Amino acid sequence: MIIAFMMSYIMAYEIGYAPLGYEIIEKKEETVLVQSHNLLGLKEEKINFHPADYKEWHIDMLVDRVGYLKQDYLLFFASIFAVPLLIIKELYRGKQKRIVLFAVLFLMVYPTITLMSSLNDIESILAGTY
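Report on the accompanying structure.

**Section: the side chain of Asp121**
Okay, so step 1: Examined against the element boundaries, Asp121 turns out to sit in helix H3 (residues 97-127).
Okay, so step 2: With near-sequence residues (within four places) excluded, Asp121 lies in contact with Arg65 and Tyr130.

Pasting the structure below:
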C-alpha cells in the first residue's frame, strides 16, 4: 500500500500527470491563464479566463479548485494502484468474492466522484455557468 501511495504521489505531484486536468499558468488581478490537458495528460490549449465584473470572485475559486486537483489525482491514482493489491490479498486469504467486490467498489467510488466533481466545477467556472 505504501508503494501504491508513493507511485501515485510521484504521478500527481512530481510528474504532474493530470488527464483532462488543468493548471494555472498566470494569474493577474482580473484574468487567469489556464492550461488544459487532454486525456493523455498532454497540454492541449490555453484558456484566458476573464469573468464579468460582478463575478470576480470566480478567479479565486478557479485558482483554489485547480490547486486542489493534485490532491484529487493523488487519491484517484492511489485507489487505482491499491485496488489490484487489495483484490489479490483478500482473494488469497479466502474472503468471499462479494465482500471483496464491495470493498473495491467503495474504494474506487469516492476518489472518482471527488475528481469528477472538481473537474466539472472547473469546467462550469470556465464556461461561466457556475
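**With respect to the packing of aromatic side chains**
Okay, so step 1: For the structure on display, the rule yields four aromatic pairs.
Okay, so step 2: Taking 5.0 Å as the distance between ring centres and 25° as the angle between the ring planes, the aromatic pair formed by Tyr9 and Tyr13 counts as stacked. Placement of both Tyr9 and Tyr13 in helix H1 (residues 2-15) is noted, with a separation of four residues, approximately one turn of the helix.
Okay, so step 3: Under the relative-accessibility criterion, Tyr13 is labelled partly exposed at 32%.

**Some details on the pattern of salt bridges**
Okay, so step 1: For the structure shown, the criterion picks out three salt bridges.
Okay, so step 2: Lys27 is the salt-bridge partner of Asp60, the closest N and O atoms lying 3.4 Å from each other. Of this pair, Asp60 sits in helix H2 (residues 57-92) while Lys27 sits in strand S1 (residues 22-27), placing them 33 residues apart in sequence.
Okay, so step 3: On the accessibility criterion, Asp60 (42% relative accessible area) is partly exposed.

**Section: the packing of H1 against H2**
For any two helices packed against each other, one specifies the inter-axial angle together with the distance between the axes.
Okay, so step 1: Where H1 contacts H2, the axes come no closer than 8 Å and their chain directions differ by 145°. The crossing of H1 and H2 is right-handed. Here Ala4, Phe5, Met7, Ser8, Tyr9, Met11, Ala12 and Tyr13 of H1 lie close against H2, whose contacting residues are Lys70, Gln71, Tyr73, Leu74, Phe77, Ala78, Phe81, Ala82 and Leu85.
Okay, so step 2: By residue class, the composition of the contact of H1 with H2 is 14 nonpolar, two polar and one charged.

Conventions adopted
Counting from 1, residues in each chain are numbered in the order their sequence is written. Reporting of local features is limited, given that this is a predicted model, to residues whose pLDDT is at least 70; pairs of side-chain atoms are given and counted only at 80 or more, and all residues count toward the totals for whole chains, interfaces and linings. Calculation of side-chain values draws on the structure's entire complement of heavy atoms; hydrogens and water are dropped beforehand. Numbering of helices and strands runs from the N terminus, with a helix taken as a DSSP run of H or I at least four residues long and a strand as a DSSP run of E at least two residues long. In this description, contact between two residues means that some pair of their heavy atoms is separated by no more than 4.5 Å. The rule is short: rings of Phe, Tyr and Trp, with Trp giving its six-membered ring, pair when the centres are within 6.5 Å, and they are stacked under 30 degrees, edge-to-face over 60, tilted in between. Three labels apply to residues, based on accessible area from a 1.4 Å probe with only protein chains included: buried if under 20% of the type maximum, exposed if over 50%, partly exposed otherwise in between. Every case where a carboxyl oxygen of Asp or Glu lies within 4 Å of a side-chain nitrogen of Lys or Arg is listed as a salt bridge. Axes here refer to lines fitted to C-alpha atoms; in helices the fit is confined to the stretch in contact. Angles between the N-to-C directions go from 0 to 180 degrees. Each helix crossing is assigned a hand: it is left-handed if the near helix lies turned anticlockwise from the far helix by less than a right angle, otherwise right-handed if that turn is clockwise. Only Asp, Glu, Lys and Arg are considered charged in this grouping, and only Ala, Val, Leu, Ile, Met, Phe, Trp, Tyr, Cys and Pro are considered nonpolar; every other residue, Gly among them, is considered polar.

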